[in-house]
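# A closer look at the structure
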Amino acid sequence: MLEKQNKKSLKWLWIVLAIVIVGAIIAWCIVASSWGKNVYKDGQLDKVIYGADAIMSISALLFGVFVITALGYLLGKINVKGVSLGTAGVFLVAIAFGVLCTYIPKDLPVLSALRLDSASKVTGYYKSAISNIGLVLFVGSVGFIAGPKFFRDLKKNFKTYIFLGISIIVIGTAVAVLFIFISPYGSDFWSGVLSGALTSTPGYSAAQEAMFLKGQSDAYVTIGHAIAYPFGVIGVVLFVQLMPKILKSDMAKERSFLKPEVMEQVEKRVDKSKLFKCDDFGFTALAIAVVSGLILGAIKIPLTGDGFNGPCFTLGTTGGVLIMCLVFGHFGRIGKLSLEIPETTLKALKELGLMLFLIGAGVEGGVSLIDKVGNNLDILAWGFVGGVVMTMAPMIVGYFIGGKLLKMPLLNNLGSITGGMTSTPALGSLIATAGTDDVAGAYASTYPIALVLIVLSCNLMIGLI
């Protein structure tokens with residue numbers, strides 16, 4: 001009886017405490033909203049800074065990240081006939097958050113701290129910090145997971161991956177060139193659409209650089225990329241989930257095609273108990289691999305006779321980190337230093353990384369849509385339709401090339417398609433659909449090929465057309 005009364009008293013204590021905290025927050029907002037300071041620019045009132053702006057940029061950033069996370073996973077959990085957005089739900093919520101926050105008035109108390117636009121410091125945090133940290137964590141984890149089997153798979157299917165990667169990019173580029181001739185917009189706009197449809201940041205950067213070298217504005221490149229990018233993410237995510245269901249595939253059987261024999265001689269040669277571990281979670285190994293990958297990704301290779309002043313190929317953050325983590329995951333050690341990372345750590349970092357990447361990319365994409373496109377429905381319609389075709393056509397044709405012509409197993413085929421489309425979010429969705437991380441090997445094998453070709457394609461479209 002006494003224990004029951006204590007529980008009841010404790011319950012009421014928490015309720016009262018919650019009411020006091022909420023009341024204090026409301027009171028603070030009311031009082032803070034009266035602490036106005038007028039800021040003038042060129043003799044005109046530019047904005048009003050309120051005491052409520054004590055919500056610093058970093059607090060606004062954290063608020064946005066966790067609100068998007070909660071709502072995004074709720075949306076991703078919705079299941080329609082076995083198909084769900086999963087982590088990609090975070091991306092849609094992030095886009096909506098970015099769009100809505102551009103409409104917050106500058107002089108609105110409290111909420112003005114959440115206002116976003118292309119020049120906002122907080123928008124820059126989403127784009128640079130949140131997105132890139134997430135990308136590094138995701139591709140780094142995938143690299144360590146796929147590393148032990150990657151090189152054996154690559155040796156076995158190397159020609160197949162090259163052919164499929166080339167096919168996907170050539171088809172996408174052909175569609176982009178077609179739209180140049182049938183639409184009122186030029187190669188700069190459609191190169192941006194192509195990079196967005198294939199979710200390729202290196203391709204986008206290459207198109208911007210090509211316009212800079214021509215002495216022209218890259219505004220249409222940015223607009224095209226912003227319009228096509230959202231469907232470029234969602235389209236591939238849904239494709240890799242729907243194809244196994246349409247084909248009524250036996251996933252257990254399909255997974256069996258991804259399981260090459262374990263190299264027992266390697267396991268016997270290395271006594272893991274004698275290796276030195278810096279930490280139990282493997283963070284040191286991940287850090288060493290990521291640093292090595294960032295260095296590799298920063299190396300530039302000139303693509304023309306103009307040397308480093310002309311278009312250059314670089315693996316970038318994604319390619320460099322992915323390749324080095326594959327190598328480190330394959331060997332598992334450097335001398336006596338263990339590079340092994342526990343599976344539980346890798347799975348957690350993989351999901352966290354994908355979530356952060358989608359939040360950063362989604363918020364920045366939503367802001368760009370409003371800032372760059374606005375109410376221009378004509379360019380929005382052309383860009384969206386063209387982007388949908390550039391996303392779907394390479395996947396559909398690539399699937400038939402891989403499955404019918406090259407006789408690839410389904411999961412190898414889909415993994416190669418996600419790599420050929422350079423779609424990091426789709427890889428995460430495919431791993432969940434397949435129920436195994438082994439599909440990452442096909443992605444990692446095709447990705448570098450597609451990366452080189454999309455950079456070349458965006459440069460050539462602007463340079464030759």
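Use the structure listed above.
Here's what I pulled together on the structure shown here. (Residues numbered from 1 in each chain as written. Predicted model: local features only at pLDDT ≥ 70, side-chain atom pairs only at ≥ 80, totals over all residues. Heavy atoms only, no water.)

## Here we look at the environment of Met 390
Of note, Met 390 is situated in helix α13 (residues 377-405). Linking Met 390 and Gly 196, residues 194 residues apart in sequence, is a C-alpha distance of 9.3 Å. Discounting chain neighbours no more than four positions away, the residues touching Met 390 are Gly 172, Val 175, Ala 176, Phe 179, Trp 190, Val 193, Leu 194, Ala 197, Leu 198 and Met 421. (Helix = DSSP H or I, 4+ residues; strand = E, 2+ residues; numbered from the N terminus. Contact = heavy atoms within 4.5 Å.)

## Side note on helix α5 (residues 187-197)
Helical geometry note: an α-helix holds 3.6 residues per turn, so side chains three or four residues apart project in the same direction. In terms of burial, α5 is a largely internal element, eleven of the eleven residues being buried. Among all positions in α5, only Ser 187, Asp 188, Phe 189, Trp 190, Ser 191, Gly 192, Val 193, Leu 194, Ser 195, Gly 196 and Ala 197 are buried. One or two positions beyond α5, positive phi appears at Thr 199, with a value near 45°. (Buried < 20%, exposed > 50% of the residue type's maximum accessible area, 1.4 Å probe, protein only.)

## Some words on a nonpolar patch on the surface
A contiguous nonpolar patch, built from Ile 58, Leu 62 and Phe 66 and spanning about 330 Å² of accessible area, is present on the exposed surface. Topologically, Phe 66 is positioned in helix α2 (residues 57-77). (Patch = residues over 30% accessible without salt bridge, like charges linked within 9 Å, V, L, I, M, F, W, Y side chains within 5 Å. Areas by Shrake-Rupley, 256 points an atom, 1.4 Å probe, with all protein chains shown as cover. Salt bridge = Lys/Arg side-chain N within 4 Å of Asp/Glu carboxyl O.)

## Thoughts on the side chain of Ser 187
In this fold, Ser 187 is placed in helix α5. The exposure class of Ser 187 is buried, given its relative accessible area of 9%.

## Quick word on the packing of aromatic side chains
Considering all chains together, one arrives at nine aromatic pairs under this definition. Consider the rings of Tyr 185 and Tyr 220, whose centres lie 6.4 Å apart with planes at 40°: the pair is tilted. Taken together, the residues span a long stretch of sequence, with Tyr 185 in the loop between α4 (121-182) and α5 and Tyr 220 in helix α7 (residues 219-246) at a distance of 35 residues. Tyr 185 sits in the buried class, given a relative accessible area of 13%. By the ring-pair criterion, three or more aromatic residues cluster together here, those being Phe 179, Tyr 185, Phe 189, Trp 190, Tyr 220 and Trp 382. (Phe/Tyr/Trp six-rings, centres within 6.5 Å; stacked < 30°, edge-to-face > 60°.)

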